[in-house]
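What follows is the residue order along each chain.
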Amino acid sequence: MATAKKKADEEQSNLPFAYRQYSTAELKEVLRKMYLIRRFEEGAEDSYMRGLIHGTMHLSIGQEASAMGICMPLTTDDQITSTHRGHGHCIAKGADVKRMFAEFFGKTTGYCKGRGGSMHIADVSIGNLGANGIVGGGIPIAVGAALSAKRMKTGKVVVSFFGDGANNEGAFHEALNMASIWKLPVIFVCENNGYGMSTSTERSTAVKNIAERAAAYSMPGVIVNGNIFSEVAEASHAAVERARAGEGPTLIESKTYRYRGHSKSDRNRYRTKEEIEDWISNRDPIMLFENELKEFGVIDENGIEAIRASVRAEIEAGIEFAKASPSPQTSDLANFVYTEQA
Amino acid sequence: MDASVRELSYSQAIQEAMALAMEADDRVFLMGEDIGVYGGAFQVTGDLVDRFGSERVMDTPISELGGAGVAVGAAMTGMRPIFEFQFSDFATLAMEQIVNQAAKMRFMLGGEVSVPVVMRFPAGSGTGAAAQHSQSLEAWLGHVPGLKVIQPATPHDVKGMLLAAVADPDPVMIFEHKLLYKMKGPVPEGHYTVPIGKAEVRREGRDLTIVATSIMVHKALEAAEALAAEGIDIEIVDLRTIRPMDKDTIIASVKKTSRLLCVYEAVKTLGIGAEVSAAVAESEAFDYLDAPIVRLGGAETPIPYNPELEKATVPQVPDIVAAARDLVRGKR
């Protein structure tokens, strides 16, 4: 018996982090959320093509493991700042896709009552301080939220998501420096998808890995494969623990890829079809996670199909909710500019 | 109440307001470059670090953009930061956070958050600091919905308006003319507020309305005294807030005097004077005008170093006297 238990323990310790850390139910929920992110974005894209959504949007299809892995150790009280490519972060932090669709449709039932749209999606009640239309705009704001957490001793940690493009903004450098000198409970997460709009990181960035920039601010710089959920989650847990212990910030570089263009105007002339196809066929984060879950006996094909069906139904219901929701009145245009107005 | 009124300088009045705000509310803290042991470039924070400690009188690195963003983030999450820019010119380094983030966050998020940040901007010329440390950029920020922009002209007002700003749920930008810092005036002890968005008639008169901002209020008062000897009776409106602008007080005054002169230090074109003039031209006061509206503003140049050139860049008392006299005597 003792030998058998020892053997089981050894097997357990050889498993990747996520399978040691999370219950079966939690792992299934991660898969469900990853599907929810992907299907949400596909649904948003489809609604855009049908003319139900105007403006533009920046899809994170292909980056789902990064959003989920980072958000796993966060509680509802912990906070994030997000980016123009922020739908995944929003769902990973616990948002309701009904209200996200409603926002994209410009309806009063949306998270921002139709005033923000895709680029400003937020849910402050569960700690999402908002996507941001300005590259790097949310990074100092996250440091400010972490300063509040430290001063008010709330125990909260703050995650700032941004892309590879933001690492060349001054705000990134100023924010990392301040977070480090003040030892604030903040985690900087650079989702490096290889391109700032059309410009590759090779052409835009002096260092090979963005995580190397952590050294300039005396904080750990961690590189993870952003398409492998467990790797991302492991790095996030370590950074969150460090932040909660009062040891200061961490920079995580999550290397990933976006399948779609930068925005709806992208003609994809800066990368090859073969490159995109290679990521989709061989490194898809949902596919990789599913394969692992099956391999470790967490779920079978029937279980996966049940998840897909439940997500499909949730997306359909979300779109119907958005369609049926009321539009704002133009007479309410000035609402929310100043507190005394509304 | 009168017994508790003392003479304080403008900068002492600011310091007293910040101390009162910090005593009353743990969420209030100060951020800025060299505001701790140094006491601030203009000694406005002075020794507050000794009373409140370095966590509440917090030196930042020389990172205006990041620092402003930290203040915005802290304000969004429950704190009440008062952020000092060393010079108002350095707002140019932080425009992203002020204009795109602080001003719009509440609106973009459908009212789900507010940004109760106060930002202080030492502004204006007259110190020999040349083109990058002497500007008056208040109209830049006045153009942005979501911000409130104030220019208190007296020690009494700067204390009361700063306390109103700290209590305000929205971002308030305070432009403090550097030449006012040493000016003394009566300031009541204790907590009081002066409302944001209300102009003040500093001097009543019947021949001409001068709408002035900040230090120009004092220059206009001096000009009015000089002209009183000539029998010209001038009313002076201290605008105090440029967003939201108190158009009612301006319109009521012009209906009484039938003449309007706008005096402000910032570059003349596309500025506060244009907005004040338009407020009158678009109102029933237009029919009361007996003369064209006149603006006296800063020259269309950067602020020069040479002291005589520097003075020539912005309206001075003789300029106001001459413009007011011409307006009243029908030479315009």
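If you're wondering where the values come from, they're calculated on a predicted model, not measured in any experiment.

Analysis parameters
- Residues numbered from 1 in each chain as written.
- Chains lettered and ligands numbered in written order.
- Predicted model: local features only at pLDDT ≥ 70, side-chain atom pairs only at ≥ 80, totals over all residues.
- Heavy atoms only, no water.
- Helix = DSSP H or I, 4+ residues; strand = E, 2+ residues; numbered from the N terminus.
- Rg over C-alpha atoms; globule rule 2.2 N^0.38 Å.
- Buried < 20%, exposed > 50% of the residue type's maximum accessible area, 1.4 Å probe, protein only.
- Contact = heavy atoms within 4.5 Å.
- Areas by Shrake-Rupley, 256 points an atom, 1.4 Å probe, with all protein chains shown as cover.
- Lys, Arg positive; Asp, Glu negative; His and termini not counted.
- Charge placed at Lys NZ, Arg CZ, Asp CG, Glu CD.
- Buried area = accessible area lost by both parts, 1.4 Å probe.
- Salt bridge = Lys/Arg side-chain N within 4 Å of Asp/Glu carboxyl O.
- Polar contact = N/O pair within 3.5 Å; in protein donor to acceptor, adjacent residues only side chain to side chain.
- Domains from an automatic or database assignment.
- Phe/Tyr/Trp six-rings, centres within 6.5 Å; stacked < 30°, edge-to-face > 60°.
- Pairing = 2+ DSSP bridges.
- Axes fitted to C-alpha atoms, helices over the stretch in contact; angles between N-to-C directions.
- Core = buried A, V, L, I, M, F, W, Y, C linked by side-chain atoms within 4.5 Å.
- Parallel < 35°, antiparallel > 145°, perpendicular 65-115°, else oblique.
- Left-handed = near helix turned anticlockwise from the far one by under 90°.
- Nonpolar A, V, L, I, M, F, W, Y, C, P; charged D, E, K, R; others polar.
- Expected span 1.5 Å × (residues − 1).

Undergrad: What should I look at first to understand the overall build of chain B in this one?
TA: Along chain B, the regular secondary structure elements total twelve helices and 14 strands. In terms of overall size, chain B behaves like a compact globule, its C-alpha atoms giving a radius of gyration of 20 Å where 332 residues would be expected to give roughly 20 Å. Out of the 332 residues in chain B, the part that is buried amounts to 63%. When contacts within chain B are restricted to residue pairs at least 6 apart in sequence, long-range pairs at least 24 apart make up 82% of them. Taken as a whole, chain B presents about 12,200 Å² of accessible surface, with 52% of it coming from carbon and sulfur.

Undergrad: In this structure, what is going on with the overall build of chain A? I would like to understand it.
TA: The helix and strand inventory of chain A stands at 13 helices and seven strands. Compactness check: chain A gives a C-alpha radius of gyration of 20 Å against a globular reference of 20 Å for 342 residues, within 12% of the reference. For the C-alpha atoms alone, the extent of chain A along its principal axes is close to 75 × 50 × 45 Å. Counting only residues that meet the buried cut, chain A has 55% of its 342 residues in that class. For chain A, contacts bridging at least 24 residues in sequence account for 72% of all contacts bridging at least 6. In chain A, the 40 positive side-chain charges and the 43 negative ones have mean positions that sit 3 Å from each other.

Undergrad: Can you walk me through the interface of chain A and chain B in this structure?
TA: Bring the parts together and some accessible area is lost; that lost area is often taken as the interface size. At the junction of the two partners, chain A supplies 36 residues and chain B supplies 42 residues. Of all residues in chain A, the largest losses of buried area upon contact with chain B belong to A:Ile141, A:Arg151 and A:Tyr338, amounting jointly to 20% of the total for that side. There are three salt bridges connecting chain A and chain B. One salt bridge in this structure joins A:Arg151 and B:Glu55, with 3.5 Å as the shortest N-O distance. Counting across the interface, chain A meets chain B through 15 residue pairs in polar contact (both at pLDDT 80 or more). Looking at the side of chain A that touches chain B, the elements with two or more residues in it are helix H7 (138–151) and helix H8 (170–181) of chain A.

Undergrad: Quick question: what am I supposed to make of the domain arrangement of chain B here?
TA: All names here are of chain B. Under the domain assignment, chain B is made up of domain 1 (7–188) and domain 2 (200–327). One C-alpha centre belongs to domain 1, the other to domain 2; they are set 26 Å apart. Facing 30 residues of domain 1, the contacting portion of domain 2 comprises 22 residues. Between domain 1 and domain 2 we count two salt bridges in total.

Undergrad: Help me out: how do you make sense of the packing of aromatic side chains in this one?
TA: Here the distance between the centres and the angle between the planes together describe a pair of aromatic rings. Residues and elements named next belong to chain B. Tallying each qualifying case throughout the model produces 16 aromatic pairs over all chains. Here Phe42 and Phe87 contribute two aromatic rings whose centre-to-centre distance is 5.2 Å and whose plane-to-plane angle is 70 degrees, an arrangement assigned as edge-to-face. Here Phe42 is found in the loop between strand E2 (28–32) and helix H2 (48–52), whereas its partner Phe87 is found in the loop between strand E4 (80–84) and helix H4 (95–102), with 45 residues between them in sequence. The exposure class of Phe42 is partly exposed, given its relative accessible area of 24%. Assessed through its relative accessible area of 12%, Phe87 is described here as buried. A centroid spacing of 5.5 Å and a plane angle of 35 degrees characterise the contact between Phe42 and Tyr181, whose relative ring orientation is tilted.

Undergrad: Is there a simple way to think about the sheet that holds strand E2 (residues 158–163) of chain A in this case?
TA: Two pairing modes exist for strands in a sheet, parallel and antiparallel, and in both the strands are linked by backbone hydrogen bonds. All names here are of chain A. Spatial ordering of the open sheet is given by E1-E2-E3-E7-E6, a layout of five strands whose pairing is parallel. Strands at the two margins of the open sheet, each flanked by one partner only, are strand E1 (79–81) and strand E6 (221–225). Neighbour to neighbour, the strand axes of the sheet diverge by 20 degrees on average, direction disregarded. The sheet contact formed by E6 and strand E7 (residues 250–255) spans five bridges and is parallel. When the bridges of E7 are listed, Asn225 appears paired with Lys255.

Undergrad: Would you take a moment to explain the pattern of salt bridges for this structure?
TA: Any two side chains of opposite charge can pair, given that their charged atoms come close. Residue and element names in this part refer to chain A. Applying the stated criterion to the full structure yields 42 salt bridges over all chains. One salt bridge connects Lys255 with Glu253, and the closest N-O pair in it is separated by 2.9 Å. By relative accessible area, which is 26% here, Lys255 ends up partly exposed. Taking the relative accessible area as the measure of exposure, Glu253 reaches 0% and is therefore buried. Residues participating in the shared-partner salt-bridge network are Glu290, Lys294, Glu301, Glu305, Arg308 and Arg312.

Undergrad: What am I meant to see in the side chain of B:Lys178 here?
TA: Here B:Lys178 shows up in the loop between strand E7 (172–177) and strand E8 (184–188). Every residue in contact with B:Lys178, bar those within four places of it in the chain, is listed here: B:Phe42, B:Phe87, B:Pro122, B:Ala123, B:Gly124, B:Thr127, B:His133 and B:Ser134.

Undergrad: Got a minute to help me understand the environment of B:Phe42 in this structure?
TA: C-alpha separation for the pair B:Phe42 and B:Lys104, spaced 62 residues apart in sequence, amounts to 30 Å. Leave out the neighbours within four places in its chain, and B:Phe42 touches B:Gln86, B:Phe87, B:Pro122, B:Lys178 and B:Tyr181.

Undergrad: How should I be thinking about the nonpolar core in this particular structure?
TA: General note: in soluble globular proteins, nonpolar side chains tend to be found buried as a group. Of all hydrophobic cores here, the largest spans 82 residues; its most connected members are A:Phe188, B:Ile98, B:Met119 and B:Leu141. Looking at this core, you find at least three residues from each of domain 1 (7–188) and domain 2 (200–327) of chain B. Setting aside anything within four residues of it in sequence, one finds B:Met119 in contact with B:Ala68, B:Val72, B:Phe83, B:Phe85, B:Ile98, B:Val172, B:Met173 and B:Ile174. One finds A:Leu15, A:Phe40, A:Ile80 and A:Ile304 within the second-largest nonpolar core, a separate group that totals 69 residues.

Undergrad: What am I meant to see in the sheet that holds E7(B) here?
TA: Residues and elements named next belong to chain B. Taken together, the seven strands give an open sheet; going across it, the order is E3-E2-E4-E5-E7-E6-E12, and neighbouring strands pair in mixed fashion. Strands at the two margins of the open sheet, each flanked by one partner only, are strand E3 (57–59) and strand E12 (241–243). Neighbouring strand axes in the sheet, compared pairwise and without regard to direction, differ in orientation by 20 degrees on average. Of the pairings in the sheet, the one linking E4 to strand E5 (residues 118–123) comprises three bridges and is parallel in character. Bridging across to E5, Ile82 finds its partner in Val118. Those strands touched by helix H3 (residues 64–76) are E2, E4 and E5, and its axis lies near 165 degrees from that of E4.

Undergrad: Explanation requested: the packing of helix H3 (residues 24–49) of chain A against helix H4 (residues 64–71) of chain A in the structure shown.
TA: Any two packed helices are characterised by the angle at which their axes cross and by the distance between the axes. Residues and elements named next belong to chain A. It is the contact of H3 with H4, at a shortest axis distance of 9 Å, that shows an interaxial angle of 135 degrees. Taken as axis vectors, H3 and H4 run oblique relative to one another. At the point where H3 passes H4, the crossing takes the right-handed sense. Note on element contacts: H4 touches H3 through Glu64, Ala65, Ala67 and Met68, opposite Val30, Lys33, Met34, Ile37 and Arg38. Among the residues forming the contact of H3 with H4, the class breakdown is six nonpolar, no polar and three charged.

Undergrad: Could you clarify how one ought to interpret the side chain of B:Glu310 in this entry?
TA: Residues and elements named next belong to chain B. Its place among the elements puts Glu310 in helix H11 (residues 307–313). Lys178 is the oppositely charged side chain nearest to the buried, salt-bridge-free Glu310, at an N-O distance of 7.7 Å. Only 3.4 Å separates the side chain of Glu310 from the backbone nitrogen of Thr127, close enough to count as a polar contact. Every residue in contact with Glu310, bar those within four places of it in the chain, is listed here: Ser125, Gly126, Thr127, Gly128, Ala129, Ser134, Ile303, Pro304 and Tyr305.

Undergrad: Which parts of the structure should I look at to understand helix H1 (residues 10–24) of chain B?
TA: Since the α-helix packs 3.6 residues into each turn, any two residues three or four apart lie on the same face. Taking 1.5 Å of rise per residue, 15 residues should cover 21 Å, and H1(B) covers 21 Å from first to last C-alpha, within 8% of that figure. Taken together, the buried positions of H1(B) are B:Tyr10, B:Ser11, B:Ala13, B:Ile14, B:Ala17, B:Met18, B:Ala19, B:Leu20, B:Ala21 and B:Met22.

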